[in-house]
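# Secondary and tertiary structure notes
Letter by letter, the chains look like this.
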Amino acid sequence: MSRGAEVELTGVTRRFGTRTAVEDVSLTVHPGEVLGLLGPNGAGKTTTMRMLVGFLRPDSGQIRVGAVDAAVDPVGVRRQIGYLPEVSSAYPEMTVLDFLGYCARLRRLPRPTRDVAIGRAMADAGLAGQGRVRIGTLSRGYRQRVGLAQALVHDPDVLVLDEPTAGLDPRQRVEVRDLVARLGRTRTVLLSSHLLSEVTDLCRRVAVLDNGRLVALEEVAVLAARAGSRLELRVSGSAPRAAQAVAGVAGVESVEVRGQVVVVTGDARLAGADLAAAVVSAGVGLEEMRAEGGSLEAAYLRLVKP
Amino acid sequence: MARRDIRSIWLSAYGVGCGAGFLALAGVLLVLDLRSDQARLDGWFSPLFVVVALLAALFSVRSFAEEERTGSLEILTTMPLGRGQLVAGKILGTSGALMIALAITVVCPLMVALVGNPDPGPILTGYVGLVLAGVAFASVGVAVSAATGSFLVAASGSSAILLALWFGGVLARGLSGRLQTVLAYLSPYSHVTGFLRGTLAVADVVYFLSLAVVGVLATRLVLEARR
């Protein structure tokens with residue numbers, strides 16, 4: 001059963017001096033949803049997350065978690081959130097258990113349930129058996145897990161994860177991805193990542209930021225479909241004539257001739273059958289047709305300016 | 001939080017080094033003071049206030065500047081704590097670490113008591129003064145530490161402010177008029193004399209408590225401004 005809290009950002013703006021890091025961003029993350037936050041470096045992802053968790057204050061706009069307004073009750077908002085920062089730095093001189101105990105005390109977990117909560121967070125983050133190890137001696141991947149464990153120790157309704165798999169090896173990445181997928185079934189998760197495959201696997205919806213502005217908030221499948229398709233037609237006969245014929249087909253945006261191959265890109269209306277018919281009716285033979293569907297990567301590259 | 005910070009300071013090479021330096025200086029000051037062949041410690045306590053100010057500056061950098069440098073501040077400030085609780089925890093942590101250093105210096109008056117018969121009153125009030133000054137200096141140091149992520153800037157900034165306040169009082173002795181009054185009032189130097197003589201003046205106690213409150217408010221303002 002989903003018990004996450006709804007997260008809502010309305011018209012949130014944040015400036016650093018004369019630079020606007022986040023401008024008029026509005027988005028909602030529903031309970032039990034993993035929302036992916038995408039964008040190039042400097043797009044405003046981390047600033048948006050930092051405002052949500054109360055590390056930064058928005059210059060304007062409203063942030064609400066569940067029924068709690070961050071401007072009215074910032075502590076109440078922070079109580080509901082588990083946060084893994086982009087650079088997860090715990091205290092190197094502390095052991096994993098000491099650090100998680102410290103976090104549990106700061107989060108005012110009752111003493112009788114504290115040990116159970118720490119054990120559960122360690123197990124979830126894959127830290128079993130590491131309790132007595134000093135954090136400073138752990139690898140980067142394990143330090144990231146410690147950061148994840150502190151975000152989970154109070155069993156929060158909302159998780160804000162800023163690049164949770166950064167610095168992890170492929171096996172650890174898969175483990176963390178599985179964990180986020182499992183947590184996302186019952187919690188609200190806002191996840192930023194540069195790995196589009198990760199976002200595709202974990203998220204039904206994504207928000208894309210570019211230059212501080214929200215340029216898309218859409219289901220991954222819809223966004224990918226909107227990015228259009230790409231088809232390669234290997235023809236026998238005149239490739240330029242085939243290209244001329246397909247240029248007039250509905251949905252075609254560009255046509256390129258590469259030897260005997262005609263490369264066609266277009267939007268969601270683009271249909272292989274229409275292209276094949278156009279080529280054949282132009283008197284050119286069609287030997288092979290290969291289609292590539294729209295991808296999140298294609299959509300992302302279209303949305304984000306170089 | 002305060003307990004963690006105290007442990008973090010005293011279990012680090014940095015904290016032990018600063019503490020050892022402080023205690024060594026306290027020992028040297030004691031030797032210099034006892035050259036007068038009198039079992040009195042006001043000549044020891046007086047410069048010790050300045051050394052406590054320097055130690056407060058060095059310890060307080062761990063409160064915010066060090067946390068910001070290492071990145072742990074982001075986790076700490078997103079815990080469900082009010083800003084007041086955060087500031088209080090940090091000041092208590094730095095003050096607590098200072099109190100441990102001060103507690104070790106009790107060896108010095110005890111040694112003097114073994115060879116002479118010092119008046120316990122000024123020693124007692126001297127320590128009351130050091131404790132009050134320690135909390136006030138720690139509070140100012142924490143405020144400066146909250147303003148920067150640089151260890152060096154925090155340490156040198158706190159030291160500069162505390163030493164300027166102290167020597168402003170020394171300077172005031174050669175001045176007259178309103179400037180003299182203001183400098184003397186603002187300086188801790190003018191407010192330790194009573195403690196050294198064995199008296200507890202309300203004005204001096206209020207001064208150090210006020211300085212501590214100013215530090216608390218300044219830290220809160222700085223933290224809010226930096227959000």
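Analysis parameters
Every chain begins its residue count from 1, and numbering advances along the sequence as written. Labels follow written order: the first chain is A, the first ligand is 1, and so on. Per-residue local features of the predicted model are confined to residues with pLDDT of at least 70, and side-chain atom pairs are confined, for both listing and counting, to 80 or more; whole-chain, interface and lining totals are unaffected and use all residues. Here the side-chain values reflect all heavy atoms present in the structure, with hydrogen atoms and water set aside. In this description a helix means any DSSP run of H or I spanning at least four residues, a strand means any run of E spanning at least two, and both kinds are numbered starting from the N terminus. Contacts were defined at the residue level, with two residues in contact if any of their heavy atoms lie within 4.5 Å. All accessible-area figures derive from a Shrake-Rupley calculation using a 1.4 Å probe, and residue coverage is judged against the displayed protein chains alone. Charged-residue counts in this description rest on Lys and Arg as positive and Asp and Glu as negative, His and the chain ends being excluded. Charge positions come from single atoms, namely NZ of Lys, CZ of Arg, CG of Asp or CD of Glu. Angles shown run from 0 to 180 degrees and are taken between the N-to-C directions of axes, each axis being a line fitted to C-alpha atoms and, for helices, limited to the stretch in contact. The cut-offs work like this: below 35 degrees is roughly parallel, past 145 is roughly antiparallel, 65 to 115 is roughly perpendicular, and the gaps in between are oblique. For any helix crossing, the convention is left-handed if the near helix is rotated counterclockwise from the far helix by under a right angle, and right-handed if that rotation is clockwise. One number per residue, pLDDT, summarises how confident the predictor is, and it ranges from 0 to 100. Burial status follows relative accessibility: with a 1.4 Å probe on protein chains alone, a residue under 20% of its type maximum counts as buried, one over 50% as exposed, and anything between as partly exposed. Strands are labelled as partners when DSSP assigns at least two bridges between them. Buried area, as used here, totals the accessible surface that two parts lose on assembly, with accessibility defined by a 1.4 Å probe and the loss added over both. Definition used for salt bridges: Asp or Glu carboxyl oxygen within 4 Å of a side-chain nitrogen of Lys or Arg. Nonpolar side chains (Val, Leu, Ile, Met, Phe, Trp, Tyr) are joined into patches within 5 Å and like charges within 9 Å, using only residues with over 30% relative accessible area and no salt bridge. Geometry of aromatic contacts follows a simple scheme: Phe, Tyr and Trp rings, the Trp one being its six-membered ring, pair when their centres are within 6.5 Å, and the pair is stacked under 30 degrees between planes, edge-to-face over 60, tilted otherwise. Whether a charge lies above a ring is judged from NZ of Lys or CZ of Arg, which has to be within 6 Å of the ring centre and within 35 degrees of the ring normal. Nine residue types can take part in a nonpolar core, namely buried Ala, Val, Leu, Ile, Met, Phe, Trp, Tyr and Cys, and a core is a set of them joined through side-chain atoms within 4.5 Å.

The subject of this paragraph is the overall build of chain A. Helix and strand content of chain A: eleven helices and 14 strands. Projected onto its principal axes, the C-alpha positions of chain A cover 80 × 45 × 40 Å. Counting only contacts in chain A whose residues sit at least 6 apart along the sequence, the fraction spanning at least 24 positions is 70%. Of the roughly 13,600 Å² of accessible surface on chain A, 50% is carried by carbon and sulfur atoms. Of the charged side chains in chain A, 39 are positive and 34 negative; the average position of the first set lies 6 Å away from that of the second.

Before going further, it helps to examine the packing of helix α3 (residues 42-60) of chain B against helix α8 (residues 120-146) of chain B. All names here are of chain B. α8 packs onto α3 with a crossing angle of 30° between their chain directions and a minimal axis gap of 8 Å. Classified by the interaxial angle, the pair formed by α3 and α8 is roughly parallel. Note on packing geometry: the crossing formed by α3 with α8 is right-handed.

Here the focus is the confidence of the model for chain B. Averaged over every residue, the pLDDT of chain B is 91; residues scoring 70 or more account for 100%. At the level of chain-chain contacts, confidence expressed as ipTM amounts to 0.82, with global pTM at 0.81.

So, on to the side chain of Lys90(B). Residue and element names in this part refer to chain B. Position of Lys90 relative to the elements: it lies in helix α6 (residues 83-104). Taking the relative accessible area as the measure of exposure, Lys90 reaches 0% and is therefore buried. Excluding its chain neighbours within four sequence positions, the residues that come into contact with Lys90 are Met1, Asp5, Ser63, Phe64, Glu67, Leu76 and Val142.

Turning our attention to the sheet that holds strand β5 (residues 68-69) of chain A. Residues and elements named next belong to chain A. Taken together, four strands build an open sheet; the order of strands is β2-β1-β4-β5 and the sheet is antiparallel. Where the open sheet ends on each side, the last strands, each with one partner, are β2 (19-29) and β5. In the packing of helix α1 (residues 45-52) onto the sheet, contacts are made with β1 (7-16), β2 and β4 (60-65), and the angle to β1 comes to roughly 115°.

Once that is clear, we can look at the interface of chain B and chain A. Opposite the 23 residues of chain B that make contact, chain A presents 23 residues. Contact between chain B and chain A buries roughly 2,400 Å² in total, counting both sides, with carbon and sulfur atoms accounting for 53%. Per-residue buried area on chain B facing chain A is highest for Glu74(B), Pro80(B) and Arg227(B); these three make up 32% of the total on that side. Our count for the chain B to chain A interface comes out at three salt bridges. The closest approach of N and O atoms between Arg4(B) and Glu93(A), which form a salt bridge, is 2.9 Å.

A contiguous patch of positive charge on the surface is contributed by Arg105(A), Arg111(A), Arg3(B) and Arg7(B). Relative to the assigned elements, Arg111(A) resides in helix α4 (residues 111-124). On the accessibility criterion, Arg111(A) (67% relative accessible area) is exposed.

This paragraph deals with the packing of aromatic side chains. Following the criterion strictly, the structure yields 13 aromatic pairs over all chains and no others. Ring geometry for Trp10(B) and Phe59(B): centres 5.7 Å apart, planes at 75°, overall edge-to-face. Residue Trp10(B) is located in helix α1 (residues 2-10), and its partner Phe59(B) is located in helix α3; the two are separated by 49 residues in the primary sequence. For Phe59(B), a relative accessible area of 0% puts it in the buried group. With a centroid separation of 6.1 Å and an interplanar angle of 45°, the aromatic rings of Phe195(B) and Phe208(B) are classed as tilted. Of this pair, Phe195(B) sits in helix α11 (residues 193-197) while Phe208(B) is found in helix α12 (residues 202-226), placing the two residues 13 residues apart along the sequence. On the basis of relative accessible area, Phe195(B) is assigned to the buried category, the value being 0%. Members of the aromatic cluster, connected to one another through ring pairs, are Phe137(B), Tyr185(B), Phe195(B), Tyr207(B) and Phe208(B). In this arrangement the basic side chain of Arg4(B) is found over the ring face of Tyr102(A), its NZ or CZ atom lying 5.7 Å from the centre. Directly above the ring of Phe64(B) sits Lys90(B), whose terminal nitrogen or CZ lies 6.0 Å from the centroid.

Note that Arg226(B) resides in helix α12. In this structure, the C-alpha to C-alpha distance between Arg226(B) and Ala146(B), residues 80 residues apart in sequence, is 8.8 Å. Contacts of Arg226(B), omitting those with residues within four sequence positions, involve Leu56(A), Glu68(B), Ala146(B), Ala147(B), Thr148(B) and Gly149(B).

Let us now look at the nonpolar core. Counting 63 residues, the largest nonpolar core has Phe99(A) and Val206(A) as its most contacted members. Tallying contributions element by element places helix α3 (residues 96-106) of chain A first for this core, with seven residues. Listed in part, the 44 residues of the second largest apolar core include Ile123(B), Tyr189(B), Val192(B) and Leu211(B).

So, about the sheet that holds strand β6 (residues 81-84) of chain A. To summarise the sheet geometry, strands pair through backbone hydrogen bonds and adopt either a parallel or an antiparallel arrangement. Residue and element names in this part refer to chain A. Spatially, the six strands line up as an open sheet ordered β6-β7-β8-β3-β9-β10, and their pairing is mixed. Each having just a single partner strand, β6 and β10 (213-219) make up the two edges of the open sheet. Taken over all neighbouring pairs, the strand axes of this sheet differ in orientation by 15° on average, direction set aside. Inspection of the sheet shows β6 paired to strand β7 (residues 158-162) by four bridges, in the parallel sense. Note that in β7 the partner of Tyr83 across the bridge is Val160. Against the sheet, helix α5 (residues 140-152) touches β6 and β7, its axis set at about 170° to β6. Contacting β3 (34-38), β9 (205-210) and β10, helix α11 (residues 296-303) runs over the sheet at an angle of about 30° to β9.

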